Structure formats: structure tokens, C-alpha cells
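Descriptive structure summary
Chain by chain, the residues:
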Amino acid sequence: MGINKEAASVNLLPGPVPLSATVRAALAGPERSHREPAFQIDLERLRDDLCGLAGFRRDAGRGGADVQVLTGTGTAANDAVAGQLSLRPGPGLVLSNGEFGERLIDHAERWRLDHAVCRQPWGAPFDQNEVTNAALAAEARWIWAVHGETSTGGLNDLRMLKAVAAKTDAALAIDAISSLGATPVDLSGVSWATSVSGKSLRAPPGLAFVFHARPLASPGRLPRALDLGWYAACDGVPFTLSSSLVAATAAALDEVEAPQRFAEVAALSNRLVAGIRTAGLVPFAREPWLPGVVTIVVPPPHTNEDWIEALATAGVRVNRSGYLRERSLMQFAVFGRATAADVDRLAGLLRRFAGGG
Ligand SMILES: *Cc1c(COP(=O)(O)O)cnc(C)c1O
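Remember, it's a predicted structure, so these values are computed and weren't measured experimentally. (Residues numbered from 1 in each chain as written. Predicted model: local features only at pLDDT ≥ 70, side-chain atom pairs only at ≥ 80, totals over all residues. Heavy atoms only, no water.)

So, about the overall build of the protein. Counting its secondary structure elements, the protein contains 13 helices and 13 strands. The C-alpha atoms of the protein give a radius of gyration of 20 Å, which matches the 21 Å a tight globule of 357 residues would have. Summarising its shape, the C-alpha atoms of the protein cover approximately 60 × 55 × 35 Å along the three principal directions. For the protein, the residues scored as buried account for 56% of the 357 residues in total. For the protein, the proportion of contacts with a sequence separation of at least 24, taken over those separated by at least 6, is 71%. Within the structure as shown, the protein displays about 15,100 Å² of accessible surface, and the carbon and sulfur contribution to it stands at 52%. Side-chain charges of the protein comprise 35 positive and 36 negative groups, with the mean position of each set lying 2 Å from the other. (Helix = DSSP H or I, 4+ residues; strand = E, 2+ residues; numbered from the N terminus. Rg over C-alpha atoms; globule rule 2.2 N^0.38 Å. Buried < 20%, exposed > 50% of the residue type's maximum accessible area, 1.4 Å probe, protein only. Contact = heavy atoms within 4.5 Å. Areas by Shrake-Rupley, 256 points an atom, 1.4 Å probe, with all protein chains shown as cover. Lys, Arg positive; Asp, Glu negative; His and termini not counted. Charge placed at Lys NZ, Arg CZ, Asp CG, Glu CD.)

Right, here's the structure in full:
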């Protein structure tokens, strides 16, 4: 009975996202050692497809631009980037306008990176002049920012960030964890970027991806599991890697690469915004928005917890993270496998909650 209820429920979580039948079948395929040729073929396909999706020219044969596949979540991928930044000279600049920007600052602090911070209020876009001035004032040798700010539903301007990095001669590191797969992302010109299997790429969680524009050194002072240079030196597989996750993610990427995918996510997102407005509510973030995620403020006297429980009772599952609760925010993610009917069902419930007092 629990299983039936689960099947009938609507998943509007940023992750885990529901898996397609094809991805489930790939996940259930034969397990392989990461030293077997068949595994290597799947992994190479996955890395090619990831680079293709990111507009990132793969140069693996010559040890240059590539993507490394780690076991872990987005946090591990961002720690691997922090490790790379720790090998670079000079101070950096970390940008924040939401929870995941704050986490990049926390990564920088834990890695004791010399860095300055440029903050905007949650959900407010960055201004090009402000970021440029902050980078110049800090004499930043690198800039680290989130692309899709999943917490607020805002999309930071990647082209602007590239322009600032070019103008200030800084390397650019980007967290594209929820944007890659939800919307076109062009990582060309970016030095490091991160993504994961389990969010907008619609695979199970567990694989972390780090794109890098240049060959990587392995000076032997980074933690072993986070030493990207060591991955690159070992053909991408220094340690055990799950063949099931690699096969499932490769299958998910085939679906994400479908030409209509981005238009579908955008249309669903627009429908969600329209539905939210009919309930008298508004998106929390200022435009531009991250396609596939809409965050709203719960109007008092209601609370985030009331609405999350009321949605759960009605079979709609949404993110329960503490950072949302603290600010009375609710987040709806439709970059998974949500449908127009799911979005309409949510909008109807929100109308009832907001209008019903
Ligand atoms: C989810 C997320 C993370 C953290 O990823 P985990 O898989 O939870 O470790 C980091 N940045 C962004 C933008 C995210 O959406």
C-alpha cells in the first residue's frame, strides 16, 4: 500500500528525481569491474556526452580539457574544485546570492582558501560592475560562483561572469549542479565546473562530475579521493566506481540530450509560475530564473511546515531542507519528470491554501 501511495504521489523534489524505465533498466544491468573494457566504454560515452551537453570541448587524448567522474554528491564535486583552487596562487572571490553560494563560501573557508566574498541578498541578481570591482579590489586570481541557485530559483548570468573573469584575468569556477540538463549551459571558457547525476540530469544520485579546462597536476598533497589530477592520470578511474550508476547516468543523458528537453522544462516552469500567480503568490527570485525550479515565500500566517505537510497529505512531495524552513520558503522542482497535470494539481492546492485562510 505504501508503494501504491508512492507511485501516485507527485515528486517536486530537486532530487532524488523519478527515474525513467530506461534508466531503471540500465541501473539493473550486469555489474562490472571498473577495470573491464565494457565498463570503460560506458564511462567514455558518459564523459563524451557530459562534455557535449556542457559545450565543453573534450581533449582527453592529450590530457587537456575533460570531465572527471567521482563517487559522491555535488558537495564532493565542489570540494574537488576547492582542492584545485588551493593549488593556485593568489586570492579569489566567491559570489553568493543564495544557500549554495553560501556553501561555496563554506568550502573556501574549510579549505582555508585566501578569498573575498561578494554577496547579494538571496534571489537578487549580481551586477556586472559590482562583481568586476569586487574582483579587482580583491586582486582575485579566480572567481567561484553558482550558475543555477537551486535554493531561490534564480539563474546567475554565466556570460556576464565569463566577461568579468576575462576582464580581470581571473580563472572561473562554476557550480552548474542544477542547471546542467535543465537549460542550455555553455561551459566553454570556464576553468572548472561541477554537476551531479541525481538532479537535472535525471539519474540516481551518487556520481559527481568536475569539468576542467586544462591538464591537471597531481602534486600529492590533496586528499586522495579529491585529487582530480590523480583521476586524470589514471584514465579517469583511480578507484572503484559503480558500473550501475555509470550505465544509468549514460542512459539518462541520452534522454536529457533530446532536442525538445530544454523547451519542455521551460514550458513546465512557465506553467508553474502562471499557476503560482493564480494563487496570488509570486516567485521569490528576481529574473532571470533557473528553468525547472520555482521558489516562493509562504505568506503569513501560514508557515513552510504547514504547507509542506498539507502538500504531503495531498500526495505532493517537496523539499524539506532547513534553509528553506528558516526563511519560510517553499521550493518546487520540475526538472525531474513532472508533468503539466502535476503542476496544475500543485497550483490548485496552493490556491486553496492561500485563499482558504
Ligand atoms: C544540490 C546542490 C549542491 C549540493 O549537492 P549535494 O548533491 O546535495 O551534495 C550544490 N550546489 C547546488 C547548486 C545544488 O543544487
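Now, onward.
Attention now moves to the UniProt feature "domain: Aminotransferase class V" (unreviewed entry) in the protein. The UniProt entry lists residues 133-214 under the feature "domain: Aminotransferase class V" (unreviewed entry), expressed in the numbering used here. Annotated as residues 133-214, this span is 21% helix and 30% strand, and its ends, taken at the C-alpha atoms, are 27 Å apart. (UniProt positions renumbered as here; feature names shortened; annotations may be inferred.)

Okay, the nonpolar core next. Of all hydrophobic cores here, the largest spans 47 residues; its most connected members are Leu46, Leu93, Leu95, Ile143, Ile174, Leu187 and Phe211. It is helix α3 (residues 37-53) that contributes the most residues to this core, six residues altogether. With near-sequence residues (within four places) excluded, Leu46 lies in contact with Val69, Leu207, Phe209, Val246, Thr249, Ala250 and Leu253. Listed in part, the 30 residues of the second largest apolar core include Ala82, Ala108, Leu113 and Leu222. (Core = buried A, V, L, I, M, F, W, Y, C linked by side-chain atoms within 4.5 Å.)

This part covers the site of the ligand. Taken together, Thr73, Gly74, Thr75, Phe100, Gly148, Thr150, Asp175, Ile177, Ser178 and Lys199 make up all the residues around the ligand. At 2.9 Å from an oxygen atom of the ligand is found a main-chain nitrogen or oxygen belonging to Gly74. Residue composition of the shell around the ligand, by class: two nonpolar, six polar and two charged. (Near = heavy atom within 4 Å. Polar contact = N/O pair within 3.5 Å; in protein donor to acceptor, adjacent residues only side chain to side chain. Nonpolar A, V, L, I, M, F, W, Y, C, P; charged D, E, K, R; others polar.)

A separate point is the sheet that holds strand β8 (residues 171-175). If you walk across this open sheet you meet the seven strands as β2-β10-β9-β8-β5-β3-β4, and the pairing is mixed. Here the strands that pair on one side only, and so sit at the sheet edges, are β2 (66-71) and β4 (115-119). Across the sheet, the mean angle separating the axes of adjacent strands is 20° when strand polarity is ignored. Along the sheet, α3 contacts β2 and β10 (207-212); its crossing angle with β2, the most-contacted strand, is approximately 120°. Strands β3 (92-96), β4 and β5 (142-146) of the sheet are contacted by helix α6 (residues 128-138), whose axis makes an angle of about 150° with β3. (Pairing = 2+ DSSP bridges. Axes fitted to C-alpha atoms, helices over the stretch in contact; angles between N-to-C directions.)

Moving on, we get to helix α4 (residues 74-86). The terminal C-alpha atoms of α4 lie 18 Å apart, and with 13 residues this matches the ideal 18 Å at 1.5 Å per residue to within 8%. Buried residues dominate α4, accounting for ten of its 13 residues. Turning to α4, its buried residues number three or more, namely Gly74, Ala76, Ala77, Asn78, Ala80, Val81, Ala82, Gly83, Gln84 and Leu85. (Expected span 1.5 Å × (residues − 1).)

To continue, consider the packing of aromatic side chains. The full count for this structure, using the stated rule, is five aromatic pairs. Judged by centre distance (5.8 Å) and plane angle (80°), the rings of Phe100 and Tyr323 are edge-to-face. One end of the pair, Phe100, is in helix α5 (residues 99-110); the other, Tyr323, is in helix α12 (residues 322-326), and 223 residues separate them in sequence. Pair check on accessibility: Phe100 and Tyr323 agree, each one buried. (Phe/Tyr/Trp six-rings, centres within 6.5 Å; stacked < 30°, edge-to-face > 60°.)

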